[in-house]
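Reading the structure
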Amino acid sequence: MPVTRIDRRFAALRRENRGGLVVFVTAGDPDPRTSAEILRGLPAAGADFIELGMPFSDPMADGPAIQMSSQRALKGGATMKTTLELVADFRQRDGETPIILMGYYNPVYIFGVDAFLNEAKAAGVDGLIIVDLPPEEENEICLPSRMAGINFIYLTAPTTDEIRLPRVVEKASGFVYYVSITGITGTASARIEDVRKAVERLRRHTDLPIAVGFGIKTPEQAAGVVAVADAAVVGSALVGKVTENLDEDGKARPGLTNAVLGFTAELAKGVRDARLKGAA
Amino acid sequence: MEQLSTYRAGPDDSGRFGIYGGRFVAETLMPLILDVERTYKEARNDAAFAAEMDYYLSTYVGRPSPLFFAERLTRHLGGAKIYFKREDLNHTGAHKINNCIGQGLLARRMGKTRIIAETGAGQHGVATATVCALFDIPCVIYMGSKDIDRQAPNVFRMKMLGAEVKPVTAGSGTLKDSLNEALRDWVANVETTYYLIGTSAGPHPYPAMVRDFQCVIGDEVREQITGAEGRLPDTLVACIGGGSNAIGLFHPFLDEKNVRFVAVEAAGKGIETGRHAASLSAGSPGVLHGNRTYLLQDSDGQIEEAHSISAGLDYPGIGPEHSWLHDTGRVEYVSITDAEALEAFHLCTRLEGIIPALESAHAIAQVGKMAGALGAGNLLVMNLSGRGDKDLDTVARVSGVGP
Ligand SMILES: Cc1ncc(COP(=O)(O)O)c(C=O)c1O
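No experiment lies behind these values; they were computed from the predicted model shown.

About the thresholds
Residues numbered from 1 in each chain as written. Chains lettered and ligands numbered in written order. Predicted model: local features only at pLDDT ≥ 70, side-chain atom pairs only at ≥ 80, totals over all residues. Heavy atoms only, no water. Pairing = 2+ DSSP bridges. Helix = DSSP H or I, 4+ residues; strand = E, 2+ residues; numbered from the N terminus. Axes fitted to C-alpha atoms, helices over the stretch in contact; angles between N-to-C directions. Core = buried A, V, L, I, M, F, W, Y, C linked by side-chain atoms within 4.5 Å. Buried < 20%, exposed > 50% of the residue type's maximum accessible area, 1.4 Å probe, protein only. Contact = heavy atoms within 4.5 Å. Salt bridge = Lys/Arg side-chain N within 4 Å of Asp/Glu carboxyl O. Polar contact = N/O pair within 3.5 Å; in protein donor to acceptor, adjacent residues only side chain to side chain. pLDDT = per-residue confidence, 0-100. Near = heavy atom within 4 Å. Areas by Shrake-Rupley, 256 points an atom, 1.4 Å probe, with all protein chains shown as cover. Nonpolar A, V, L, I, M, F, W, Y, C, P; charged D, E, K, R; others polar. Phe/Tyr/Trp six-rings, centres within 6.5 Å; stacked < 30°, edge-to-face > 60°. Lys NZ or Arg CZ within 6 Å of the ring centre and 35° of its normal. Parallel < 35°, antiparallel > 145°, perpendicular 65-115°, else oblique. Expected span 1.5 Å × (residues − 1).

**Some words on the sheet that holds strand β5 (residues 114-119) of chain B**
Residues and elements named next belong to chain B. With parallel pairing, the 4 strands of this open sheet are ordered in space as β7-β6-β5-β8. The open sheet terminates on both sides in strands that have one partner only, identified here as β7 (164-168) and β8 (193-195). Sheet twist, expressed as the mean angle between neighbouring strand axes with direction ignored, is 25°. Here 5 bridges tie β5 to strand β6 (residues 139-144), and the two strands are oriented parallel to one another. Of the residues in β6, the one forming a bridge with T119 is M143.

Structure, rendered in structure tokens:
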């Protein structure tokens, strides 16, 4: 498949000899305007990749933080259409930072797979993570998305054994996402030693870059992860900054965007310093 | 409608009934789901497993459950000859226990040391807690906070049986949300935990496995009705939440060309009000809880809240095999409102001395609607899926019956 912004960004990171920071925010959280503002600010704050959550009423693999963010977005009127518009708005200002849409299959299925891929491509989406589509369901959108030039990113987990792993990475492109804990988002954190071993195991099966997510909450943890993997994904902790900056009515307080971007900058610093320290 | 040569062949290797079913789960769960499938396949071909099932079903559950000629109801309605399949007489009071014995044995075979389940009416929770007590396996039940309020006796029973009941406040606080929480628990505890799904829905192999464990209902009916009447029934009727009691009754008869199937969804306050749980009558295909099936959802693919007076039917989805049977036209899907179900609840109680579960009362109401037109020659078997003890508070409240 053609080279995507994701491929280019990982190549650039390799040249810079540093790991990448992937940040997750939910599209439309806490309201459309603030969400667009956050998105626009993320690259300058140091996000190398943006995972944009497609809100869903029943996020089965997510803990309370992302569940609530999804609900806020839906309450604020988010739909698949507004999510794609958000990406298009971002793309007008930023032609380089990869955007990966992440979520559950039903809203995509109801939008229509072909229509979704066309509009996502046109809006400037580079990758897709659909939590409830394992390789067993690859015909649904994994294979069509490759045809459309969008990377379908597969999740691998601690439970993905040696027999299964080759099948999971076989059709993967862009990067491989390692879910570092058996659990939902925003709960436990893995021990870095376990992450290191898991990434080594993955590298025996794929040459694709490896991003590690679930349970990474601090700049220190993110730094630890990029010492052993190609990128660290931070979601719930960042979304938590949104939650912390809402008023009693659930409306964004003035400092919300800065709080999210400020935390992104701390994470980015952690990630950027990690290899330098490692090299020193 | 084109007739297929068999309606009993599904699912295929990918867990599909037509386009429905499948394995729409996170990668973390996938290896375990495959393991469940493997173990279930082995168990199904293992005579020792079958013998163990039979042992518990007969000595513990009390099977076979009787097939009862509902003579007064038949006379009252003046039409079809009505039989009740008495699943209400099972140990724990509903058909749910059939499946729990089967999956409990499977969990034991897989060496799992902890069982989780979701429950709506609490019947599945009670049946799961019961089997866990029997097999000495720790048990956690997820139950919506709204359901905890309206099915209090069952909450008490589960706790007495040693289960931990975890209230779920997310979403509407009903069955759908309990399923989400159970799935979240499972992802976090895959190594030790078996998820004992209570209806013929979820990722493959659950829909097929739960169906197989519930087919004991239809298999017994075939024998019993042949004994009583010398022939097969003309009409089979059952209520539908996720669809396990209905598929258990129907499946053994699906290839009998002259048998007609009627499945009853909950119309809540009425389909036109939008406050209902009739996924097939008013929903559209989508993907939730591991399978593609008919769902109540909005135009953006967000799942909508269901509504039914009966907690066990209060779910915005349905098992995938029913979606397929619906599309093929082999089974008719109709719906009954809260008010109609309540009326049928009282009618059955007064006429037959049987207090039915509110879920089953939906099937009774449908029988009431159709029996007259069917005529006296028509042999009708209705699945009385459970007893109504758990619903007495709800019924007393809405019907204004004082102590
Ligand atoms: C007595 C009874 N009947 C029916 C149902 C609906 O479930 P299903 O459609 O799986 O039979 C329930 C669910 O809780 C129940 O308790």
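**Quick notes on the nonpolar core**
Counting residues in each nonpolar core, the largest one holds 116 residues, and the members touching the most others are A:Y177, B:I101, B:M158, B:W186, B:Y194, B:Y195 and B:F250. Those residues in contact with A:Y177 that lie beyond four places of it in its chain are A:E51, A:I129, A:I153, A:Y154, A:L155, A:T156, A:A211, A:G213, A:F214 and A:V233.

**A few points about the pattern of salt bridges**
Under the defined criterion, the tally for this structure stands at 50 salt bridges over all chains. One salt bridge connects B:R63 with B:E87, and the closest N-O pair in it is separated by 2.7 Å. Linking B:R63 in the loop between α2 (47-61) and β3 (67-69) with B:E87 in the loop between β4 (81-86) and α4 (96-109), this pair joins segments that are 24 residues apart in sequence. Across this residue pair, the class does not change: B:R63 and B:E87 are buried. One continuous salt-bridge network, built from bridges that share partners, spans A:E16, A:R18, A:D48 and A:R272.

**Considerations on the interface of chain A and chain B**
Contact residues are listed per partner, giving 36 residues for chain A and 36 residues for chain B. For A:E140, the salt bridge is made with B:R16, and the minimal N-O distance between the two is 3.1 Å. Here chain A is connected to chain B by 18 residue pairs in polar contact (both at pLDDT 80 or more). When residues of the side of chain A that touches chain B are traced back to their parent elements, those giving at least two are α3 (64-75), α5 (105-111) and β6 (154-156) of chain A. Here the side of chain A that touches chain B gets 5 residues from one element, more than from any other, and that element is α5(A).

**Here we look at the side chain of B:D185**
Residues and elements named next belong to chain B. Mapped onto the elements, D185 comes out in helix α8 (residues 175-188). The exposure class assigned to D185 is buried, which follows from its relative accessible area of 7%. Contacts of D185, omitting those with residues within four sequence positions, involve R114, I116, Y142 and T193.

**Some points on the confidence of the model for chain B**
Across chain B, pLDDT averages 96, with 100% of residues at or above 70. Overall fold confidence for the complex sits at a pTM of 0.97, while the interface term, ipTM, reaches 0.96.

**With respect to the environment of A:A61**
All names here are of chain A. Mapped onto the elements, A61 comes out in the loop between β2 (49-53) and α3. Residue A61 is classed as buried on the basis of its relative accessible area, which comes to 10%. Distance from A61 to Y104, taken between C-alpha atoms, is 9.2 Å for residues 43 residues apart in sequence. Not counting chain neighbours up to four residues away, the residues in contact with A61 comprise Y104, V131, I184, T185 and F214.

**Comments concerning the site of the ligand**
Residues and elements named next belong to chain B. Taken together, 18 residues lie near the ligand, and T199, G241, G243, S244 and S385 sit nearest. Between the ligand and G242, the relevant distance is 3.2 Å, taken from an oxygen atom to a main-chain nitrogen or oxygen of the residue. Here the ligand has 390 Å² of accessible area as a free molecule, and 97% of this is covered by the chains. Broken down by class, the residue content of the shell around the ligand amounts to 5 nonpolar, 11 polar and 2 charged.

**Structural notes on the side chain of A:R72**
Residue and element names in this part refer to chain A. Tracing the backbone shows R72 in helix α3. A polar atom in the side chain of R72 sits 2.6 Å from the side chain of D29. Not counting the four nearest positions on each side in its chain, R72 is found in contact with D29, P30, V239, V242, T243 and L246.

**Observations concerning the packing of aromatic side chains**
All chains considered together, the criterion is met by 20 aromatic pairs over all chains. Ring geometry for A:Y105 and A:Y109: centres 5.6 Å apart, planes at 45°, overall tilted. A residue pair is termed a helical-turn pair when its members lie 3 or 4 positions apart in one helix, as A:Y105 and A:Y109 do in helix α5 at 4 residues. Classification of A:Y109 as partly exposed rests on a relative accessible area of 22%. Among the aromatic side chains, those forming a connected cluster through ring pairs are B:W186, B:Y194, B:Y195 and B:Y206. For the cation-ring pair, A:K241 lies above A:F263, with the distance from its terminal atom to the ring centre recorded as 4.9 Å.

**Topic: the packing of helix α4 (residues 80-93) of chain A against helix α6 (residues 113-123) of chain A**
Residues and elements named next belong to chain A. As a packed pair, α4 and α6 sit with axes 8 Å apart at the nearest point and diverge in direction by 25°. In this view, α4 runs roughly parallel relative to α6, as classed from their interaxial angle. Contacts between α4 and α6 involve M80, L84, V87, A88 and R91 from the first element and F116, E119, A120 and A123 from the second. When grouped by side-chain class, the residues that make up the contact of α4 with α6 number 7 nonpolar, no polar and 2 charged.

**Thoughts on α4(B)**
Each turn of an α-helix holds 3.6 residues, which means side chains three or four residues apart point in the same direction. All names here are of chain B. The terminal C-alpha atoms of α4, which comprises 14 residues, lie 20 Å apart, in line with the 20 Å expected from a rise of 1.5 Å per residue. For α4, the buried fraction is high: 12 of the 14 residues fall into the buried class. By the burial criterion, the buried members of α4 are K96, I97, N98, N99, C100, I101, G102, Q103, G104, L105, L106 and A107. Directly beyond the C-terminal end of α4, a positive phi value near 75° is found at G111.

**Observations concerning the environment of B:A311**
Residues and elements named next belong to chain B. Note on placement: A311 falls in the loop between β12 (290-295) and α13 (320-328). On the accessibility criterion, A311 (0% relative accessible area) is buried. Between the C-alpha atom of A311 and that of D147, which follows or precedes it by 164 residues, the distance is 6.3 Å. Setting aside residues up to four positions removed in sequence, A311 forms contacts with G120, A121, D147, R150, Q151, L175 and E359.

**Description of unusual backbone geometry**
Across the junction of A:D29 and A:P30, the peptide omega takes the value -5°, indicating a cis bond. Here A:P30 is to be found in the loop between β1 (20-26) and α2 (32-45). Across the junction of B:H204 and B:P205, the peptide omega takes the value 15°, indicating a cis bond. Positive phi is not limited to glycine here, since A:N17 has a value of about 55°. By secondary structure assignment, the location of A:N17 is in the loop between α1 (5-16) and β1.

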